[in-house]
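These are the residues of each chain, in order.
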Amino acid sequence: MSLETLKISPGFESYMPKEYVDLVERGPYGREVKVSEMGTFKEILEEHPMCAGCAMTLFIRTALIGLPAPEHTVILGTAGCGRLALSQASIPFIYGNYGDTNGVASGLKRGLGIRFPNQQKDVVVMAGDGGLSDIGFSCVMHSWFRKEKFTTVMLDNEVYGNTGGQESGMTNKGVVLKMAPHGKKFEKMDMIGLAKTAGVAYIARLAPTNPTRIANTIRKAVLIAREVGPTYVQAYTSCNIEYAIPTPKVMDDARAVEKDRYGFMEIISDEAKAYLERIEQEKKAKAVAGPKA
Amino acid sequence: MAEGLETEVKTNPQGDVITTTEAPKKEQKESKAAKQRVVTPEHLFFEAPRTKTFITGSEAAKEAIRRANVDIAISYPITPQSETMQQVGYLYAEGYLKDYYRGEEEYGVMSAVAGASRSGVRALTATAGPGLMRGMEVITSWPGGRMPLLLMVMCRVINAPLAIQPDNVELSYLLNCGILVFHAENQQDFYDFPLKAYVIAEKCEVTLPAAVAVDGFFVTHARGWVELPPEDIKLPPRDCYHEAVPMMDNENPPARLSRDAPIQKSNFISYQMHASWQQEIWAAVDRARPWVKKYMGGLIEVVNPGADTMIVASGSAVSQSREAVRQASERGDRIGLVKIRSLRPWPTQELIEACRHAKRIIVPEFNCVGWLAKEVRSTLYGHTQAEIVSGPRVFGGMSMPTELILEYLYKTPNEARLTDKPLSI
């Protein structure tokens, strides 16, 4: 997207919607946005219909801040709570069929690569645990095996929140949920282990307790996916409704779960590490050289 | 390996050498693909000189794709489709396509080709029978996403017990998705239709996916005469900026691209919005009509117009019917034939005009349910006094002897296929 395209034609400033003016004047396009800037421009995410106190919404908002180039990013989602928030963001969003995210992302990324060989177009899948570990499992695994260059972010609320609270593959063993009246019979799926087996270039696990860490993790994942290969971020985003977490206690739960079993973890390939170091050095060199005359 | 022993050459059951070596890198600038030049669709379809060749349906489809300027093809093996998509792979190796890969299974492939189409490139896939059914959920979402891509369908049996024989019952599932559906009769059609389908599907007022179907084996694995233009010309590339919806390429202001109804609100969507969206898809199918007429020579072809008895058929049943018409003419009888090229858009007016006068209409088909006969009956109801006979039908891979069509022509349906006697006697 050309930033020139985004600019308002002279004479039309006073007729444009407020959100659009905010986007143009203070939005995240063409610059690196810090977490501390959240809320200073109106519409990276607004008016979402998520439940009060939803940790997933907090995670999504922060993750969007971490995108290195939102003006060149397409997000894909599938049925689930997450897409209700994602589709409100000022970033193009594809909502496909159940479980097709990583299939669509494969074709999309390759197609964009054909059309824009000199412009990085980032593709990010952001879908729930059901969408990625259950119904979309085959598409996810094969996109990793094929080394497709896009990022997969699992919004792991450990339940089918949007359809009313059924167990998913990512639910912990023994948890009683709808469709698991005697408790879930098998362990939480080890998607991190599967990602390792598939040779995913960057794998991260985190809870939504540290906004800067969320933004940095997403930024790293998207950058590595550009050059090195598939990346995977698994985020605990509790469902306070189905797990009956009182709204004021959502972050307490996130911290407790993080401490107990969802601590921050990063697995990064040597190639990905070298790539990150290289772009960091390039960034520093650019900063030292200063703006071009 | 012990000295003196010959190097073992591994082959697959077909006798092809199995190799794990890397494909040789070809100098793209020197390749024939790089030297292809873009011509107008009109030149490619109607003006370029053609040479007659005797090739299989799969090879005919390959020759179409060679000239179709396809950007990406995504394949998955299924009989009898595999051969065509293998050959498309060879075209990729020769530089005719920019990307090609084997997907995980049909659901993933149909999803990926949707992603590719949304990116604005010209995309291709193909499938057959059970594969089509597996991908069906995604396929039905293509028209709503307004993705002008091409699906080739090499029809085969879908129902249990397992069989890989030709049978086009699967097309009945495609007819009501909002996809353009063209049914190729023979190898020549299977060369011509894919190219024309791309051009029609990508017209601004259409912007829909297109399926080109052909009856598996009868056409895909059999040779026929095909007139081909030179290899060094191809269609213009897809121009996604002249289509009805913006691509997901972030080259448009993003603020409202996907947040407003009717696209993303799911169960919060108003029914009027969803209804109008569906109506628009079918209006777009209708808007393809003039382009089908221009490029395909009409939605139907009529042989012996005005005959008292008319055969209405599509796909390879047309070829069988042509032979029946010829044999009937040897007996001094003039039998009419309507070949339906375009199943969607459906040739309502054309069929009424072609059959209004008829006294008897028979509809031979390669499927059990008689989907074509149902379409024909509902179209002609109230427009003709003719007796409309649903049949003959063959399915499960059986061929249709022309004698069977002749039997239907010269006998009443009861004489031809039914008995008055209860089966228990």
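Look up: the structure comes first, before these words.
Now for a description of the structure that goes with this document. (Residues numbered from 1 in each chain as written. Chains lettered and ligands numbered in written order. Predicted model: local features only at pLDDT ≥ 70, side-chain atom pairs only at ≥ 80, totals over all residues. Heavy atoms only, no water.)

Count 3.6 residues to each turn of an α-helix, and residues three or four apart come out pointing the same way. Residues and elements named next belong to chain B. Under the 1.5 Å per step criterion, the end-to-end length of helix α13 (residues 316–330) is 22 Å for 15 residues, consistent within 8% with the ideal 21 Å. Of the surrounding elements, those touching the buried residues of α13 are β7 (180–184), β8 (210–215), β12 (309–313), β13 (335–340) and α16 (402–410). Two residues or fewer past α13, Gly-332 is found with a positive phi of approximately 90°. (Helix = DSSP H or I, 4+ residues; strand = E, 2+ residues; numbered from the N terminus. Expected span 1.5 Å × (residues − 1). Contact = heavy atoms within 4.5 Å.)

On to the packing of aromatic side chains, then. Summed over the entire model, instances satisfying the criterion amount to eight aromatic pairs over all chains. Summarising the aromatic geometry, the rings of A:Tyr236 and A:Tyr262 are spaced 5.4 Å apart at their centres and angled 45° between planes, so their arrangement reads as tilted. Taken as a pair, A:Tyr236 in strand β6 (residues 231–236) and A:Tyr262 in the loop between α10 (250–260) and β7 (265–268) lie far apart in primary sequence, 26 residues in all. An angle of 85° between the planes, with centres 5.5 Å apart, marks the rings of B:Phe45 and B:Tyr295 as edge-to-face. Note that B:Phe45 is positioned in helix α2 (residues 41–47) and B:Tyr295 in helix α12 (residues 289–296), a separation of 250 residues in sequence. (Phe/Tyr/Trp six-rings, centres within 6.5 Å; stacked < 30°, edge-to-face > 60°.)

Attention now moves to the pattern of salt bridges. All names here are of chain B. Scanning the model with the defined rule gives 45 salt bridges over all chains in all. In this structure, the salt-bridge partner of Lys-32 is Glu-231, at a minimum N-O distance of 4.0 Å. You can see Lys-32 sitting in helix α1 (residues 32–35) and its partner Glu-231 sitting in the loop between β9 (223–228) and β10 (233–234), a full 199 residues away along the chain. Members of the salt-bridge network, linked through shared partners, are Glu-185, Asp-189, Glu-301, Arg-322, Lys-339 and Arg-341. (Salt bridge = Lys/Arg side-chain N within 4 Å of Asp/Glu carboxyl O.)

Across the contact, 47 residues belong to chain A and 43 residues belong to chain B. Counting the surface lost from both chain A and chain B, the interface buries some 3,500 Å², and carbon and sulfur atoms represent 55% of this. Taken together, the connections running from chain A to chain B amount to three salt bridges. Close ionic contact of B:Asp249 with A:Arg115 constitutes a salt bridge, the shortest N to O distance being 2.9 Å. Where chain A packs against chain B, one counts eight residue pairs in polar contact (both at pLDDT 80 or more). Put simply, the parts of the chain that give the side of chain A that touches chain B at least two residues each are α1 (3–6), α2 (18–26), β1 (73–77), α4 (81–86), β2 (93–95), α5 (101–115) and α7 (137–145) of chain A. With ten residues, α5(A) is the largest single contributor of residues to the side of chain A that touches chain B. Residue composition of the side of chain A that touches chain B, grouped by class: 20 nonpolar, 15 polar and twelve charged. (Buried area = accessible area lost by both parts, 1.4 Å probe. Polar contact = N/O pair within 3.5 Å; in protein donor to acceptor, adjacent residues only side chain to side chain. Nonpolar A, V, L, I, M, F, W, Y, C, P; charged D, E, K, R; others polar.)

What follows covers the environment of B:Gly336. Residues and elements named next belong to chain B. By the element assignment, Gly-336 lies in strand β13. Sequence separation between Gly-336 and Tyr-173 is 163 residues; the distance between their C-alpha atoms is 29 Å. Sequence-distant contacts of Gly-336, defined by excluding residues within four places in its chain, comprise Val-303, Asn-304, Ala-307, Thr-309, Met-310, Ile-311 and Val-325.

The next point concerns unusual backbone geometry. Here the bond from B:Ala160 into B:Pro161 is cis, since omega is 0°, no more than 30 degrees from zero. Position of B:Pro161 relative to the elements: it lies in the loop between β6 (150–155) and α9 (171–174). In this structure, A:Lys147 is a non-glycine residue whose phi angle is positive, near 60°. Structurally, A:Lys147 can be placed in the loop between α7 and β4 (151–156). Given the relative accessible area of 39%, A:Lys147 is considered partly exposed. Not every positive phi belongs to a glycine, and B:Thr207 is a case in point at roughly 40°. The buried category is assigned to B:Thr207, whose relative accessible area is 0%. (Buried < 20%, exposed > 50% of the residue type's maximum accessible area, 1.4 Å probe, protein only.)

Time to look at the pairing of strand β4 (residues 99–102) of chain B. All names here are of chain B. Note: strand β3 (residues 72–75) against β4, four bridges, orientation parallel. Across the sheet, residue Ile-72 finds its bridge partner in β4, namely Asp-99. Between β3 and its parallel partner β4, the chain crosses via helix α4 (residues 82–93), and the hand of that crossover is right-handed. (Pairing = 2+ DSSP bridges. Right-handed = clockwise from strand over helix to strand, strands pointing away.)

To continue, consider the sheet that holds β1(A). Residue and element names in this part refer to chain A. The seven strands lie next to each other as β2-β1-β3-β4-β6-β5-β7, forming an open sheet whose pairing is mixed. Two strands close off the open sheet at either side, each with one partner strand: β2 and β7. The mean inter-strand angle of the sheet, taken between neighbouring strand axes irrespective of direction, is 15°. Pairing between β4 and β6: six bridges, direction parallel. Its bridge partner being in β6, Met-154 is matched across the sheet by Gln-234. (Axes fitted to C-alpha atoms, helices over the stretch in contact; angles between N-to-C directions.)

Right, let's get into the side chain of A:Ser143. Along the chain, the position of A:Ser143 falls in helix α7. Polar side-chain contacts of A:Ser143 include one of 3.1 Å to the side chain of A:Asn102.

The next thing to look at is the packing of helix α3 (residues 57–66) of chain B against helix α10 (residues 187–201) of chain B. Pairs of packed helices are described in terms of their axes, by the angle between the two and the distance that separates them. Residue and element names in this part refer to chain B. Put simply, α3 and α10 touch, their axes get as near as 8 Å, and they point 25° apart. On the basis of the axis angle, α3 is roughly parallel to α10. Crossing angle aside, the handedness with which α3 passes α10 is right-handed. Contacts between α3 and α10 involve Gly-57, Ala-60, Ala-61, Glu-63 and Ala-64 on the former and, on the latter, Gln-187, Phe-190, Tyr-191, Pro-194 and Leu-195. Looking at the contact of α3 with α10 residue by residue, the class counts come to seven nonpolar, two polar and one charged. (Parallel < 35°, antiparallel > 145°, perpendicular 65-115°, else oblique. Left-handed = near helix turned anticlockwise from the far one by under 90°.)

We now examine the pairing of β6(A). Along a regular strand, successive side chains alternate from one face of the sheet to the other. All names here are of chain A. Of all six residues in β6, six are buried, a share of seventy percent or more. Going residue by residue along β6, you find Thr-231, Val-233 and Ala-235 tucked away on one face and Tyr-232, Gln-234 and Tyr-236 tucked away on the opposite face as well. As paired strands, strand β5 (residues 202–206) and β6 are joined by five bridges and run parallel to one another. Of the residues in β6, the one forming a bridge with Leu-206 is Ala-235. Note that the unit made of β5, helix α9 (residues 211–227) and β6 has a crossover that is right-handed.

Of note, B:Ser276 is situated in helix α11 (residues 271–287). B:Ser276 sits 135 residues away from B:Lys411 along the chain, and the two C-alpha atoms are 47 Å apart.

On to the sheet that holds β8(B), then. For sheets, the rule is that strands pair by backbone hydrogen bonds, running either parallel or antiparallel. All names here are of chain B. As summarised here, the arrangement of the seven strands in space is β4-β3-β5-β6-β8-β7-β14, forming an open sheet in which the pairing is mixed. In this open sheet, the two strands that pair with only one neighbour each are β4 and β14 (342–344). Adjacent strand axes in the sheet meet at a mean angle of 20°, parallel and antiparallel pairs treated alike. Docked against the sheet, helix α5 (residues 106–118) engages β3, β4, β5 (123–127) and β6, running at close to 160° with respect to β5.

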